[in-house]
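Fold and geometry: a report
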Amino acid sequence: MPEVQVKHALAVLTDGTEIPIPYWHVTSGSEGPIFLITCAQHGNEVNGAEAMRRFIRVAEANLLRGQVYGVPMANLPAVRKRRPHISSGPEKPYGDDEGHNMNRTWPGDPEGNDTERLSYAIHEACAKEATHCLDFHSWSRFSATGCIFRTDSEGSVEMARVSAIRFLHPRPAPERMSTPCTLGALFNNSGRAAVTIELATQYTIVEREVRRGLHAALNIARWLQMLPGELEDLDEPQIDLEKAKVVTVTAPRAGLFVEAGWATGDFVEAGSRLGHILSDENLETVEVLAPVSGYLQTYGAHRADCDVALPAQHPYTSVGETVAAVAEGGMVGGQ
Ligand SMILES: [Zn+2]
């Protein structure tokens, strides 16, 4: 019978503070893959934590072989701050991380800065011995949920395929495989499979995204023969963004862009109404139509740093600002 335990990876920070990072450990009692699932390396990206909680319940009852590690709040101090990094302040861009972007710190460092110490604790507790990794992140709500994977890792390509996540973001191997690096790269550079799934919406936990994350994790575990059951929804089209043509839709006028109720990932026919602009000059309503048929890869008026600042999410658009992007073609798999 499978067994689940809650354990803690103990990080000791530079000032001596001890941070016990909780994680689930599910054992089957049989040899097999060791599947690591992580979430919230960036403290505002939390959809995957709930997807993982549900996945652990399934694994607890049904795990056939191997082990599962689930770390739902990897960057626990950043989660408690409700911000991307422990160094993040109000409206401070992600990139301005002062060495505290956790997903650049793997395998961590027990003598490093506080974030490197968190990574080190998780690496020692679970990442070191894991054979496969699913790392949940989140993009802003304006970008479609996507799966990022390395094309030089056959296992990673397969994990991305069976995830059934609509948008695939293939990445080539880096020119130099060095550490510190992302958690995914740490796995890939040592011949292990890993994917990153961006469950789009930050700061919030949204049922639709939780289901997508759970679905992907279940399919990966079935593909690894760790859970019983058939792979589901492999007939859903996936869009390879290396192969698709992404057509941006820009604002023809300045004013408020009003979305027409689509969601990212939806299929739109050429000519469909994507929304309209309420002109701030003469209050005219200007329709915005889909230029091609395809899947919505981005949707809604937004701009750089919308993941840390509310003004960047404001629907007021200048002329020429992108209000949507439609991915045309690039379909792989499916039926
Ligand atoms: Zn992230």
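Since we're looking at a predicted model, the values are computed, not measured.

Calculation rules
- Residue numbers here run from 1 along each chain, matching the order of that chain's written sequence.
- At least 70 in pLDDT is required for a residue's local features to be given in this predicted model, at least 80 for side-chain atom pairs to be given and counted, and no such filter applies to totals for whole chains, interfaces and linings, which use all residues.
- Following DSSP output, two strands are said to pair if at least two bridges run between them.
- Think of it this way: any DSSP run of H or I at least four residues long counts as a helix, any run of E at least two long counts as a strand, and we number them from the N terminus.
- Contact criterion: two residues are in contact if their C-beta atoms, reconstructed from the backbone, are within 7 Å.
- With C-beta atoms placed from the backbone, a residue counts as buried when 20 or more other C-beta atoms lie within 10 Å of its own, as exposed when 12 or fewer do, and as partly exposed for counts between those limits.

Considerations on the sheet that holds strand β16 (residues 316-317)
Across the sheet, which stays open at both edges, the four strands sit in the order β14-β13-β11-β16 with antiparallel pairing between neighbours. Across the chains shown, the open sheet's two edge strands, defined by having one partner strand only, are β14 (285-289) and β16. Taken together, the five bridges between strand β11 (residues 255-259) and strand β13 (residues 273-279) define a ladder with antiparallel strand orientation. Of the residues in β13, the one forming a bridge with F257 is I277.

Brief notes about the environment of A11
As for its position among the elements, A11 is in strand β1 (residues 3-12). Spatially, the C-alpha atom of A11 lies 8.3 Å from that of P110, the residues being 99 residues apart in sequence. Once you skip the residues sitting within four places of it in the chain, A11 turns out to touch I19, I21, R117, L118 and A121.

Side note on unusual backbone geometry
P107 follows W106 through a cis peptide bond whose omega is 15 degrees. Cis geometry marks the peptide bond from T179 to P180; its omega dihedral reads -5 degrees. By secondary structure assignment, the location of P180 is in the loop between β7 (167-171) and α5 (183-189). Even without glycine at this site, A40 takes up a positive phi of about 65 degrees. By secondary structure assignment, the location of A40 is in the loop between β3 (34-39) and α1 (47-62). Among the residues examined, A40 registers 25 C-beta atoms within 10 Å and is labelled buried.

As for the pairing of strand β8 (residues 193-198)
Among the six residues that make up β8, six are buried, leaving the element largely enclosed by the rest of the structure. Where burial is concerned, the two faces of β8 agree: the one with A193, V195 and I197 and the one with A194, T196 and E198 are both buried. The pairing of strand β5 (residues 132-137) with β8 spans six bridges and is classified as parallel. Along β8, the bridge assignment pairs D135 with T196. As paired strands, strand β6 (residues 146-150) and β8 are joined by four bridges and run antiparallel to one another. Note on β8: the bridge partner recorded for I148 is T196.

Quick notes on the pairing of β11
The pairing of β11 with β16 spans two bridges and is classified as antiparallel. What sits directly across from G255, in β16, is T317.

Some remarks on the sheet that holds strand β10 (residues 245-250)
Strands belonging to one sheet form pairs held by backbone hydrogen bonds; the direction of such a pair is parallel or antiparallel. If you trace the four strands from one edge of the open sheet to the other, you get β10-β17-β15-β12, paired in antiparallel fashion. Across the chains shown, the open sheet's two edge strands, defined by having one partner strand only, are β10 and β12 (267-268). Two strands pair when backbone bridges link them, and β12 and strand β15 (residues 294-299) are joined in this way by two bridges, in the antiparallel orientation. Bridge pairing in β15 links V268 to G294.

Focus on the environment of T317
One can find T317 in strand β16. Note: C-alpha distance between T317 and S279 (38 residues apart in sequence) is 9.6 Å. Ignoring sequence-local partners within four residues, the contact set of T317 consists of A251, A254, G255, F257, I277, A301 and V323.

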